[in-house]
Structure formats: structure tokens, C-alpha cells
Amino acid sequence: MTQTETPATTLSRTLPQTDRTRHSRLREQGSLERSDLEAILDAGFVCHLGVLVDGRPVVVPTVYGRDDTRLYLHGSVASRSLAADPDAPVCVTVTHVDGLVLARSVFEHGVNYRSAMIHGVPRAITDTDEKLAGLRRLTEHATPGQWTYARQPSRKELAATTLLELSLDEASVKIRTGAPDDGDGPDAALGLWAGTLPLTSRWGAPTADPLLPHGIKAPAHIVARAGTRHA
């Protein structure tokens, strides 16, 4: 742990099945392995936070970080809901698209993907040291090495920052890989091409701020990511 993070209970390596996480469709794509959940979270840094605000559903993209049992995320919109109802549940999703699945019929088209959905009641972190520890997790998740390189938040900046903590206990995972499913069906006789169109993304070379004084070079932990695969 870093700073003064609150110790957390170790979670089961098998994801529990609840009314909200039980797979009712495409069960063959579901996974109950916590390692799959962790891999999906580690591959990204932007999630979508779904919450009711003034009785209306709102879904907001925001950055996140994690430790073994908790998700940390910016949650200014969710904090409005929590202020009115501290027990308000939220839903957080993370999805990576790995390619298109192009079948012989439009009905059988699909997407190869990795997706995680996390349910729970978040806790707004207000303690200064605990908030710093959570923000460090969030920053290092997106850009390892940046927390100690850049200036860390001031007390005024911390006061203006909303950080939420959400348990990773209740989560659902689905993963789809491979070729179309109609290769051995009637449409195989149509003589049409079928297969997958992979999608990958990579980090580009660092681009300096135009106002950066001459001679200040990008740090090694930033340069090293250029050309590496994202997600």
C-alpha cells in the first residue's frame, strides 16, 4: 500500500454470481475468473460510470485506477447523487474492442471484445492522506512513473477533487474471441468471404507542449511507451 490506504479484505479469485452479475445471455462468453477482470481493468484507464442524478440516468466517461480489491475513480457527477443518497448504487463498465467479426450473414456479425461491469455503492474519499493514496493509484495506473515526476496535488486542489472508491467484489466479465460462428452452417455454401478484422491501438511518440522551454525532454517513463500497444 502507498500513503495511508485503508487495508482491504482479500477477495475470492472466483467472481461471485449475484442477480446483477449472473450471465443470462451468451453465457459461453462469460468468465468467473477474477484474473480476467483484473486483466481487463489493467488494459485500460477510462471507464463509464452510470449513476442516477436527480432521478435521471447519467453515464459519464472518467479515468480510474485500482488495487487488488478496489476501484478508484473521479466521480464529481456521482458525488451529487451520493450527497442526496449515500447508499445510491452505481454501475461502472470498461470495454476493449479487439476487432469485427464479419460473417456470411449480417445476423451473425459481431465484435471480439473484453468487457467488465462492476456494481456497488461507492464511498467518497474525504481524508487527505487517503485521497492522495487513491489519486496516486489512479495516476500510476494511467501513466506509471508520473506521480513522482509531476507536482502532486495541493490541499486546495485536493479539496476540489472528488475521488470515489468502489469495491471490486461484485463484477461481471464477458470476453468474445475467434472466428464467425456460421462456418459450418447453411450460409457456408454462399461462397462469401468471412473472418475477422482485428483492431489494435498503440501509443505514439510524445508531443511536447508548444510553450515548453527548449531543452526540456520527455522523461524516460513517457518515451518508453511510444510504439507499445494500448489495451
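Residues numbered from 1 in each chain as written. Predicted model: local features only at pLDDT ≥ 70, side-chain atom pairs only at ≥ 80, totals over all residues. Heavy atoms only, no water.

Looking at an unreviewed UniProt entry, one finds the protein named Pyridoxamine 5'-phosphate oxidase family protein and attributed to Streptomyces antnestii.

Some words on helix H2 (residues 76-84)
Turn by turn, an α-helix covers 3.6 residues, leaving residues three or four places apart pointing in a common direction. Burial in H2 covers these residues: Ala78, Ser81 and Leu82. Taken down its axis, H2 places every buried residue within 100° of arc, on the same side. With respect to the buried face of H2, the exposed residues turned more than 90 degrees away are Ser76, Ala83 and Ala84. (Buried < 20%, exposed > 50% of the residue type's maximum accessible area, 1.4 Å probe, protein only. Helix = DSSP H or I, 4+ residues; strand = E, 2+ residues; numbered from the N terminus. Arc of directions from axis to C-beta.)

Some thoughts on the pairing of strand S9 (residues 170-176)
Burial runs high along S9: six of the seven residues are buried. Sheet analysis places strand S6 (residues 110-120) next to S9, joined by seven bridges and oriented antiparallel. Across the sheet, residue Ser115 finds its bridge partner in S9, namely Lys174. (Pairing = 2+ DSSP bridges.)

Brief notes about the environment of Ser79
As for its placement among the helices and strands, Ser79 is situated in helix H2. Ser79 sits in the partly exposed class, given a relative accessible area of 21%. Polar contacts involving the side chain of Ser79 include one to the main-chain carbonyl oxygen of Ser76, which spans 2.6 Å. (Polar contact = N/O pair within 3.5 Å; in protein donor to acceptor, adjacent residues only side chain to side chain.)

A word on the state of the cysteines
Among covalent bonds in proteins, the disulfide is the one between the sulfur atoms of two cysteines. What the rule picks out here adds up to zero disulfides. Residue Cys47 stays outside any disulfide, its sulfur separated by 10 Å from that of Cys91, the closest cysteine. (Disulfide = S-S within 2.5 Å.)

Focus: the pattern of salt bridges
According to the stated counting rule, one finds 12 salt bridges in the structure shown. Residue Asp67 is joined to Arg70 by a salt bridge in which the shortest nitrogen-to-oxygen separation is 2.7 Å. Both residues of the pair, Asp67 and Arg70, belong to the buried class. Note that Glu157 is salt-bridged to Arg151, the shortest N-O span being 2.8 Å. (Salt bridge = Lys/Arg side-chain N within 4 Å of Asp/Glu carboxyl O.)

Notes on the side chain of His141
Along the chain, His141 turns up in helix H3 (residues 128-142). Residues within four places of His141 in sequence aside, it is in contact with Leu41, Asp42, Gly44, Phe45, Tyr64, Gly65 and Arg66. (Contact = heavy atoms within 4.5 Å.)

Describing the packing of aromatic side chains
Overall, the coordinates contain one aromatic pair when judged by the stated rule. With a centroid separation of 6.0 Å and an interplanar angle of 20°, the aromatic rings of Phe45 and Trp203 are classed as stacked. A residue pair is termed long-range when its members are at least 10 positions apart, and Phe45 in the loop between helix H1 (34-42) and strand S2 (46-53) and Trp203 in the loop between strand S11 (201-202) and helix H6 (220-223) qualify at 158 residues. Relative accessible area serves as the criterion here: at 30%, Trp203 is assigned to the partly exposed category. (Phe/Tyr/Trp six-rings, centres within 6.5 Å; stacked < 30°, edge-to-face > 60°.)

With respect to the side chain of Gln29
Position of Gln29 among the secondary structure elements: in the segment before strand S1 (30-31). One polar contact links Gln29 to Tyr113, side chain to side chain, over a distance of 2.7 Å. Those residues in contact with Gln29 that sit more than four places away from it in its chain are Tyr113, Val173, Lys174, Ile175 and Arg176.

A closer look at the nonpolar core
Core analysis: the biggest nonpolar cluster contains 24 residues, and Leu41, Leu71, Leu73, Val92 and Ile118 have the highest contact counts within it. Only H1, S2, strand S4 (70-74), H2, strand S5 (90-102), S6, strand S8 (163-167) and S9 provide two or more residues apiece to this core. Sort the elements by how many residues they give to this core and S2 lands first, with four residues. For Val92, the contacting residues outside a window of four places in its chain are Cys47, His48, Leu49, Leu71, Leu73, Ala116, Met117, Ile118 and Leu166. Ranked by size, the runner-up nonpolar core spans eight residues in total, among them Leu132, Leu135, Leu158 and Leu163. (Core = buried A, V, L, I, M, F, W, Y, C linked by side-chain atoms within 4.5 Å.)

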